[in-house]
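# Coordinate inspection notes
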Number of protein chains: 2
Amino acid sequence: MIYFTPGPSQLYPTVATHIQSALDEGFCSISHRSRRYESIQQMAEENLRALMNIPDHFHIFFTSSATEIWDRCIENLVNQRSFHFVNGSFSERFYTTALQMGRDAVSLEAPLGKGFHDLHEIHMHEDNELICITHNETSTGVVFDHELISGLRKQYPDALIAVDAVSSVPYGKINFSDIDTLFFSVQKGFGLPAGLGVWICNERCIAKAESRKAAGKFIGTYHSLPSFLKHSPKHQTPSTPNMLAIYLLAHVSGDMLHTGLSQIEHDTEHKARLIYDFIENRDGFSPFVKDLRDRSQTVVVVESAISSKTINEFLKPHEMQIGGGYGPLKEQQFRIANFPAVSTADVERLLAALSQEIR
Amino acid sequence: MIYFTPGPSQLYPTVATHIQSALDEGFCSISHRSRRYESIQQMAEENLRALMNIPDHFHIFFTSSATEIWDRCIENLVNQRSFHFVNGSFSERFYTTALQMGRDAVSLEAPLGKGFHDLHEIHMHEDNELICITHNETSTGVVFDHELISGLRKQYPDALIAVDAVSSVPYGKINFSDIDTLFFSVQKGFGLPAGLGVWICNERCIAKAESRKAAGKFIGTYHSLPSFLKHSPKHQTPSTPNMLAIYLLAHVSGDMLHTGLSQIEHDTEHKARLIYDFIENRDGFSPFVKDLRDRSQTVVVVESAISSKTINEFLKPHEMQIGGGYGPLKEQQFRIANFPAVSTADVERLLAALSQEIR
């Protein structure tokens, strides 16, 4: 079965081999304080840094999920006020997380399927501390405008900028000089089993957490930024992590590095073009995101006259599966994940199967 | 290599086969909201319930680690005051977690290597809300007195009782009618890769969390008890969990159920007897825990004239490894984990190798 579901998703082709190696090496039984473990965490950090062009002044920390990092961002980086661009279910959940944590969070909402572009239409409180951006809304297939991120950086230099890049990376062309923190989970673009979040933070984030701590504010316990920072020089985590997932991330990001990010980006865009061309030219299907600037390359949301369930019934004999819709419009939509784990040939087979089955 | 390290530890013998099945079935790519996923989570819950004799009025929730559950216990169950029995590094960390979270936590300390027994020597504030017990101190190899738990229950019926059972379960003979919540991580007694915590809670815990919430207190976001409870009737989790670990737990607890808990307990005690007999009768070794009532059956801490590092050098050609000491006395100690993943034959081989190498 090939999974075009947007997370959990198709495993990267080398995952099974790497799991076997981890088992053969007894990696799941060694101490997370051992040199051997440290060398694998270091490899994960270095491969990610090289693959994603993460500057040296950003730290790389490992959590259990991106959902956890929503909490940790608010806990460590916000005294009172955060600002959230909301254009789907996941950006909304980041916003409600901040509200649940007692912050005066403010949201700016775009209609579902639409993005944000005009800096002049955005009005933020002067005392806003954190700008929260969802780079690729997994629910609606809308990508965030990079120029707007640059504009926000210039307009609000004192605010920290957080980017939830869950369903875009390693694709994404994010300019780290425009942002302060970026995070993701590994079961989307990296094609790994779920259970690991990656949190990338610069010194401004660390300083903010430390100033909150110094002021007697609560910044969490074992997963506060100072706690991560205490362990990361040794390439360790504050508590026993999902070691197998870190092992797999180290190796799969190495494999991706071997392929090269520019090749991955090229392939992603090529596959996305095939998918969008197909759905634009097919009766009963159309892209949910109309504005070309807003269209995600990694999660294609399709308006469909046929339910995702029916489509998956058609696809079953072809051993393929697409993702259902998500959010208020889910019954009229399906989603196709276009992550690096699926090849151009896989996409061609999917489109051929859809052509054949749906007339 | 056979790992007698107390966590991460030796994988249960069936783990590799179950991982292969999970990969063959595409389990890591399916939705955590699908019926197929739910059936596996349900299997994990039912097998654990049967194996550990968990009563029906206890819920079973899945987190990322036991470390996380320290936070969640305090967050959900304590307005102001918790009481902690401290006799090693991990019970102390539960205590300091409560302090970090701003609670008026109180600790009662036993000397390292000693347990608690006398109810009359324990004095708790009337308004204490949570009694925190570490069932098996992984750092010192001291087990908590079951009769004392029963005594505390009778003496302080209004307080909730939390049991950190990280390195005892599935062995442990815990009487659930004496406690309100029990938790553990899976990389110890269950012999699984790290990255999953199991949190077992009764209705009193739920009620306490809900009363805290109703009073406007912060009980967390996605991993609050009400949030777990919202998803658990469908055998789902609030966010994408470590699905592979839940799959493995479902199957390994099924394998253990097939063996039978009484057989596992019998084997554990038999292996523990072999280990304690050996170290008591060997020059240069002695059990750290002197009082027989306090001795852990699952983690044997050995006072040793030879460092753990040297012993592991000796053991290398035998493809075996013991655990280093932990905490202030770690240089003079080593630890032998006696979890279900190591067989009687494995223990016999370890002791024969130690006999042969250390004269």
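Below is a short write-up of the structure. Within each chain, residues carry numbers counting from 1 in the order of the written sequence. For naming, the first written chain is A and the first written ligand is 1, with later ones following in the order written. With the structure being a predicted model, the display of local features is reserved for residues of pLDDT at least 70 and the display and counting of side-chain atom pairs for 80 or more, all residues being used for whole-chain, interface and lining totals. Excluding hydrogens and water, the side-chain values take into account all heavy atoms of the structure.

## Focus: the overall build of chain A
Put simply, DSSP H or I for four residues or longer makes a helix, DSSP E for two residues or longer makes a strand, and each gets a number counted from the N terminus. When its secondary structure is counted, chain A shows eleven helices and 14 strands. What the globule rule says is 2.2 Å times the number of residues to the power 0.38, and the radius of gyration is computed from C-alpha atoms. A compact globule built from 359 residues should have a C-alpha radius of gyration of about 21 Å, and chain A, at 20 Å, falls within 12% of that. By principal-axis analysis of the C-alpha atoms, chain A measures approximately 65 × 55 × 30 Å. Partly exposed residues are those whose accessible area sits between 20% and 50% of the maximum for their type, while under 20% is buried and over 50% is exposed, using a 1.4 Å probe and protein chains only. Here chain A holds 359 residues, and the buried ones make up 64% of them. Of the contacts made within chain A by residues no fewer than 6 positions apart, 71% connect residues no fewer than 24 positions apart. Under the convention used here, a 1.4 Å probe and the Shrake-Rupley method define accessible areas, while residue burial counts only the protein chains that appear. Split by element, the accessible area of chain A, about 13,300 Å² in all, is 50% carbon and sulfur. By the counting rule applied here, Lys and Arg register as positive and Asp and Glu as negative, while His and the ends of each chain are not counted. The atom standing in for a charge is NZ when the residue is Lys, CZ when it is Arg, CG when it is Asp and CD when it is Glu. Within chain A, one finds 32 positive and 42 negative side-chain charges whose respective centroids are separated by 4 Å. In what follows, a contact means two residues having at least one pair of non-hydrogen atoms within 4.5 Å.

## With respect to the side chain of Asn128 of chain B
Inspection of the secondary structure assignment puts Asn128 of chain B in the loop between β4 (106-109) and β5 (130-134). Look past the residues within four positions of Asn128 of chain B in its chain and what remains in contact with it is Arg81, Ser82, Phe83 and Ala159 of chain B.

## Quick look at the interface of chain A and chain B
Contacts between the two partners involve 40 residues from chain A, matched on the other side by 40 residues from chain B. Carbon and sulfur atoms make up 60% of the area that chain A and chain B hide from each other, which totals about 3,100 Å². The term buried area denotes the loss of accessible surface (1.4 Å probe radius) that occurs when two parts are joined, taken as the sum for both partners. Ranking the residues of chain A by area buried against chain B places Pro8, Ser29 and Thr221 of chain A at the top, with a combined share of 18%. Salt bridge, as applied in this entry: a Lys or Arg side-chain nitrogen positioned within 4 Å of an Asp or Glu carboxyl oxygen. Applying the counting criterion to the chain A and chain B interface returns zero salt bridges. Definition of a polar contact: a pair of N or O atoms within 3.5 Å, with one able to donate and the other able to accept a hydrogen when the atoms are protein atoms, and with sequence-neighbouring residues admitted only if both atoms are side-chain atoms. Remark: the boundary between chain A and chain B carries four residue pairs in polar contact (both at pLDDT 80 or more). Broken down by secondary-structure element, the contributors of at least two residues to the side of chain A that touches chain B are α1 (15-24), α3 (66-77), α4 (89-100) and α8 (243-259) of chain A. When residues of the side of chain A that touches chain B are assigned to their parent elements, the largest contribution, four residues, is made by α1 of chain A.

## Regarding the sheet that holds strand β14 (residues 333-337) of chain A
Residue and element names in this part refer to chain A. A pair of strands counts as paired when DSSP detects no fewer than two bridges linking them. What the five strands build is an open sheet, ordered β1-β13-β14-β12-β11; its pairing is mixed. Of all strands in the sheet, those with a lone pairing partner are β1 (2-4) and β11 (285-287), marking the two edges. Looking at each pair of strands side by side, their axes are set apart by 35° on average, direction ignored. Note: strand β13 (residues 320-324) against β14, two bridges, orientation antiparallel. Bridge assignment links Gly323 to a residue of β14, and that residue is Arg335. To obtain an axis, a line is fitted to C-alpha atoms, over the contacting stretch when the element is a helix, and the angle between two such axes runs from 0 to 180 degrees between their N-to-C directions. Against the sheet, helix α10 (residues 308-315) engages β11, β12 (299-304), β13 and β14, with an angle of about 175° to β13.

## Some words on the relation of the copies chain A and chain B
Least-squares superposition of the copies uses the C-alpha atoms of those residues scoring a pLDDT of at least 70 in each of them. Each copy superposes on the other: chain A lies on chain B with an RMSD of 0.0 Å after a rotation of 180° and an axial shift of 0.0 Å. Considering both components of the superposition, the chain copies are consistent with a two-fold axis. Ranked by how close their C-alpha atoms come to the rotation axis, the residues of chain A are headed by Ser64 of chain A, at 3.0 Å. Both copies present the same face, since 100% of the interface residues in chain A are matched by interface residues at the equivalent positions in chain B.

## A look at the pattern of salt bridges
One pass over the structure, following the stated rule, counts 24 salt bridges over all chains. Linking Asp291 of chain A and Arg293 of chain A is a salt bridge whose minimum nitrogen-to-oxygen distance equals 2.8 Å. Using a relative accessible area of 28% as the deciding quantity, one classes Asp291 of chain A as partly exposed. Residue Arg293 of chain A is classed as exposed on the basis of its relative accessible area, which comes to 53%. With a shortest N-O distance of 2.9 Å, Arg72 of chain B and Glu75 of chain B are connected by a salt bridge. On the criterion of helical spacing, the pair formed by Arg72 of chain B and Glu75 of chain B is a turn pair, its members being three residues apart in helix α3 (residues 66-77).

## Digging into the nonpolar core
Core analysis: the largest hydrophobic core is formed by 124 residues, its most contacted members being Met52 and Leu182 of chain A together with Met52 and Leu182 of chain B. Residues in contact with Met52 of chain A, not counting those within four places in the same chain, are Val169, Phe176, Leu182, Phe184, Phe190 and Ile200 of chain A. Among buried residues, those of type Ala, Val, Leu, Ile, Met, Phe, Trp, Tyr and Cys that are joined through side-chain atoms within 4.5 Å constitute a nonpolar core.

## Structural notes on helix α8 (residues 243-259) of chain B
A helix is expected to span 1.5 Å multiplied by its residue count minus one. End to end, α8 of chain B covers 24 Å across 17 residues, agreeing with the expected 24 Å (1.5 Å per residue, within 8%). The buried count for α8 of chain B comes to twelve of 17 residues, which makes it a mostly enclosed element. In this fold, the buried residues of α8 of chain B make contact with α8 of chain A together with α1 (15-24), α2 (35-52), β2 (58-63), β10 (197-202) and α9 (261-280) of chain B. Immediately downstream of α8 of chain B, the backbone of Gly260 of chain B shows phi near 100°, a positive value.

## With respect to the packing of aromatic side chains
All names here are of chain A. Centres within 6.5 Å are what make two rings of Phe, Tyr or Trp a pair, Trp counting through its six-membered ring; a difference in plane orientation under 30 degrees is then read as stacked, over 60 as edge-to-face, and the rest as tilted. Applying the stated criterion to the full structure yields 30 aromatic pairs over all chains. Relative to Phe334, the ring of Phe285 has its centre 5.3 Å away and its plane inclined at 75°; by these criteria the two rings are edge-to-face. In this pair, Phe285 sits in strand β11 while Phe334 sits in strand β14, placing the two residues 49 residues apart along the sequence. Owing to a relative accessible area of 0%, Phe334 belongs among the buried residues under this scheme.

## Some thoughts on the sheet that holds strand β9 (residues 181-185) of chain B
Residues and elements named next belong to chain B. Sheet architecture is open: seven strands sit in the order β2-β10-β9-β8-β5-β3-β4, paired in mixed fashion. At either end of the open sheet lies a strand with only one pairing partner, and these are β2 and β4. Along the sheet, successive strands turn relative to each other by an average axial angle of 20°, direction set aside. Pairing of strand β3 (residues 82-86) with β5, which is carried by three bridges, proceeds in the parallel orientation. In the strand pairing of β5, His84 is matched with Cys132. In the packing of α2 onto the sheet, the strands contacted are β2, β9 and β10, and the crossing angle to β2 comes to about 125°.

## Quick word on the environment of His18 of chain A
All names here are of chain A. Tracing the backbone shows His18 in helix α1. The class of His18 is buried, set by a relative accessible area of 11%. Measuring from C-alpha to C-alpha, the distance between His18 and Leu249 comes to 9.7 Å, with 231 residues separating the pair along the chain. Residue contacts for His18: discarding those within four places in its chain leaves Tyr247, Leu248, His251, Val252 and Asp255.

## Structural notes on the environment of Gly197 of chain A
Residue and element names in this part refer to chain A. Topologically, Gly197 is positioned in strand β10 (residues 197-202). Exposure remark for Gly197: the relative accessible area of 0% places this residue in the buried category. Residues Gly197 and Thr67, 130 residues apart in the sequence, show an inter-C-alpha distance of 8.2 Å. Look past the residues within four positions of Gly197 in its chain and what remains in contact with it is Phe61, Phe62, Thr63, Ser64, Ser65, Ala66, Ile69, Phe184 and Ser185.

## Looking at the pairing of strand β9 (residues 181-185) of chain A
Residues and elements named next belong to chain A. A large share of β9 lies buried, amounting to five of its five residues. Along β9, one buried face is formed by Thr181, Phe183 and Ser185 and the opposite face, lined by Leu182 and Phe184, is buried too. For strand β8 (residues 160-164) and β9, the ladder comprises three bridges, and the chain directions are parallel. Directly across from Ala162, in β9, lies its bridge partner Thr181. Across five bridges, β9 lies against β10 in antiparallel orientation. Each bridged residue has a counterpart across the sheet, and for Ser185 the counterpart in β10 is Gly197.

## Thoughts on a positive patch on the surface
Taken together, Arg33, Lys213, Lys230 and Lys234 of chain A together with Arg93 and Lys330 of chain B make up a surface patch of like positive charges. Here Arg93 of chain B shows up in helix α4 (residues 89-100). Here the term patch refers to residues with relative accessible area over 30% and no salt bridge, with like charges joined within 9 Å and nonpolar side chains (Val, Leu, Ile, Met, Phe, Trp, Tyr) within 5 Å.

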